[in-house]
Amino acid sequence: MARENILLLRKDAEAQIRAHGAEAYPHECCGALLGKDDPAAGLVGDRPVREVWSLYPLVNRRDDSPRNRFAVTSADVIDAEKAAHAAGLDVVGWYHSHPDHPARPSEFDREHAWPWYSYIIVSVQNGKPAEMTSWRLNDDRAGYQAEAIQLHPTAEDVKQLRTQVDRTRAAG
Amino acid sequence: MPVKVMIPTPLRVYAGKRDSAEFTATTVGEALGGLTNEFADLRKHLFTEDGKLRSFVNVYVNDEDIRYLAKESTPTKDGDVVSIVPSIAGGSTGTLACAA
């Protein structure tokens, strides 16, 4: 049995994907996931963990069929990689929305997928962001492996938590 | 005549995590053949079952897209850099709707 991968997604990035999906509705939105692949390999538990720290939103290039298709050109990919490297990160995957469709990879998604990348899909129902899932293409290209999304606190969350702890200490 | 082939991030897992490899090649096709011979697991992600480059695989020789040169017959010379750059596509519905 393959171990299920974990995708640690910053809460603000998660909110940004949902907002991008709602904003682009009824069209598909897309963008790059910037982060680190398994930075603590072998240190934390036995499951591979990939971290997404920020996003690089992109323009959907499929003008002809934007409601059920998205495309990112090789020039966009190079731009996203430059942005990632400037921040000391890598492009670890891509996100896109499925307007009025479930957050499941389609046959078209599978045919066009690259291995290794994480593919986040957010379903947008009647303009409202709904289920969000993440997938990785299998080595044999025949199917996908679901990846468990775990939300990661933002820097602001950590600051608030610290303030709370300090207050509790001061009061105690 | 070694030609340097740049391997994109999603395929490095099949190439011992290397980001490039050098091959003796006189054309882009030979350089890509060198890559898929050395790292056989890469092949199905670059080429379809009938041996054509997949539509979302973009190949450049020193920043020139081979689609606008002689495709895989594009000649290469010593010191050339062949880059494989992904494009990304997908969408909510199956294959029927894409017959545009």
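Parameters and conventions
- Residues numbered from 1 in each chain as written.
- Chains lettered and ligands numbered in written order.
- Predicted model: local features only at pLDDT ≥ 70, side-chain atom pairs only at ≥ 80, totals over all residues.
- Helix = DSSP H or I, 4+ residues; strand = E, 2+ residues; numbered from the N terminus.
- Rg over C-alpha atoms; globule rule 2.2 N^0.38 Å.
- Buried ≥ 20, exposed ≤ 12 C-beta atoms within 10 Å, placed from the backbone.
- Contact = placed C-beta atoms within 7 Å.
- Nonpolar A, V, L, I, M, F, W, Y, C, P; charged D, E, K, R; others polar.
- Pairing = 2+ DSSP bridges.
- Core = buried A, V, L, I, M, F, W, Y, C linked by C-beta atoms within 7 Å.
- Axes fitted to C-alpha atoms, helices over the stretch in contact; angles between N-to-C directions.
- pLDDT = per-residue confidence, 0-100.
- Right-handed = clockwise from strand over helix to strand, strands pointing away.
- Expected span 1.5 Å × (residues − 1).
- Arc of directions from axis to C-beta.

A short note on the overall build of chain A
Reasoning step 1: From N to C terminus, chain A includes four helices and eight strands.
Reasoning step 2: For chain A, whose C-alpha radius of gyration is 17 Å, the value lies close to the compact-globule estimate of 16 Å for 172 residues.
Reasoning step 3: Each principal axis of the C-alpha atoms in chain A carries an extent, and together these give about 60 × 35 × 30 Å.
Reasoning step 4: For chain A, the residues scored as buried account for 40% of the 172 residues in total.
Reasoning step 5: For chain A, the proportion of contacts with a sequence separation of at least 24, taken over those separated by at least 6, is 67%.

Quick look at the interface of chain A and chain B
Reasoning step 1: Facing the 31 residues of chain A at the interface are 22 residues of chain B.
Reasoning step 2: Of all the secondary-structure elements, those providing two or more residues to the side of chain A that touches chain B are strand S4 (70-72), helix H2 (74-86), strand S5 (90-99) and helix H3 (107-112) of chain A.
Reasoning step 3: Considering each element in turn, the side of chain A that touches chain B owes the most residues, six residues, to S5(A).
Reasoning step 4: Each residue belonging to the side of chain A that touches chain B can be placed in one class, and the counts come to 13 nonpolar, nine polar and nine charged.
Reasoning step 5: Where S4(A) and strand S6 (residues 88-90) of chain B come together, three bridges link them in antiparallel fashion.

Description of the environment of B:Ile7
Residue and element names in this part refer to chain B.
Reasoning step 1: Checked against the element boundaries, Ile7 lands in the loop between strand S1 (2-6) and strand S2 (20-24).
Reasoning step 2: For Ile7, a count of 21 C-beta atoms within 10 Å corresponds to the buried category.
Reasoning step 3: Along the chain, Ile7 and Glu64 lie 57 residues apart, while their C-alpha atoms are 16 Å from each other.
Reasoning step 4: If we skip the residues at most four places from it in the chain, Ile7 touches Arg12, Ala15, Arg18, Asp19, Ser20, Ala21 and Ile84.

Thoughts on the nonpolar core
Reasoning step 1: Core analysis: the largest hydrophobic core is formed by 57 residues, its most contacted members being A:Ala32, A:Leu33, A:Leu34, A:Trp94 and B:Ala31.
Reasoning step 2: With five residues, strand S6 (residues 118-125) of chain A is the single largest residue contributor to this core.
Reasoning step 3: For B:Ala31, the residues in contact, after removing those within four places along its chain, are B:Val3, B:Val5, B:Phe23, B:Ala25, B:Thr76 and B:Val82.

Structural notes on the sheet that holds strand S7 (residues 128-137) of chain A
All names here are of chain A.
Reasoning step 1: Within the closed barrel, the seven strands sit side by side as S1-S3-S2-S5-S6-S7-S8. Their pairing is mixed. Averaged over all neighbouring strand pairs, the angle between strand axes comes to 35°, with direction disregarded.
Reasoning step 2: As paired strands, strand S2 (residues 30-37) and S5 are joined by six bridges and run antiparallel to one another. When the bridges of S5 are listed, Leu33 appears paired with Gly93.
Reasoning step 3: Sitting on the sheet, H2 touches S2, strand S3 (49-58) and S5, and the angle it makes with S5 is about 125°.

With respect to the confidence of the model for chain B
Reasoning step 1: With 93% of its residues at a pLDDT of 70 or more, chain B has an overall mean of 92.
Reasoning step 2: Contacts from residues 96-100 of chain B, a stretch scored under 50 in pLDDT, to residues over four places away or in other chains number five contacts.

Observations concerning the pairing of S6(A)
All names here are of chain A.
Reasoning step 1: Across the eight residues of S6, seven count as buried, placing the element largely inside the fold.
Reasoning step 2: With seven bridges connecting them, S5 and S6 associate as parallel partners. Residue His98 lies in a different strand from S6, and its bridge partner there is Ser123.
Reasoning step 3: Taken together, S5, H3 and S6 form a β-α-β motif whose crossover is right-handed.

Description of the pairing of S3(A)
Residue and element names in this part refer to chain A.
Reasoning step 1: In this sheet, S3 lies alongside strand S1 (residues 6-10) in parallel orientation, the contact comprising four bridges. For Leu8, the partnering residue across the bridge sits in S3 and is Glu51.
Reasoning step 2: In this structure, S2 lies alongside S3, joined through eight bridges in antiparallel fashion. Residue Ala32 lies in a different strand from S3, and its bridge partner there is Tyr56.

Describing H2(A)
Because each turn of an α-helix spans 3.6 residues, side chains separated by three or four positions in sequence point in the same direction.
Residue and element names in this part refer to chain A.
Reasoning step 1: Across its 13 residues, H2 extends 18 Å between first and last C-alpha, which sits within 8% of the 18 Å expected from 1.5 Å per residue.
Reasoning step 2: Of all the residues in H2, the buried ones are Ser74, Val77, Ala80, Glu81 and Ala84. Buried residues of H2, seen end-on, are gathered within an arc of 115° and therefore sit on one face of the element. Exposed and facing more than 90 degrees away from the buried side of H2 are Ala75, Lys82 and Ala86.

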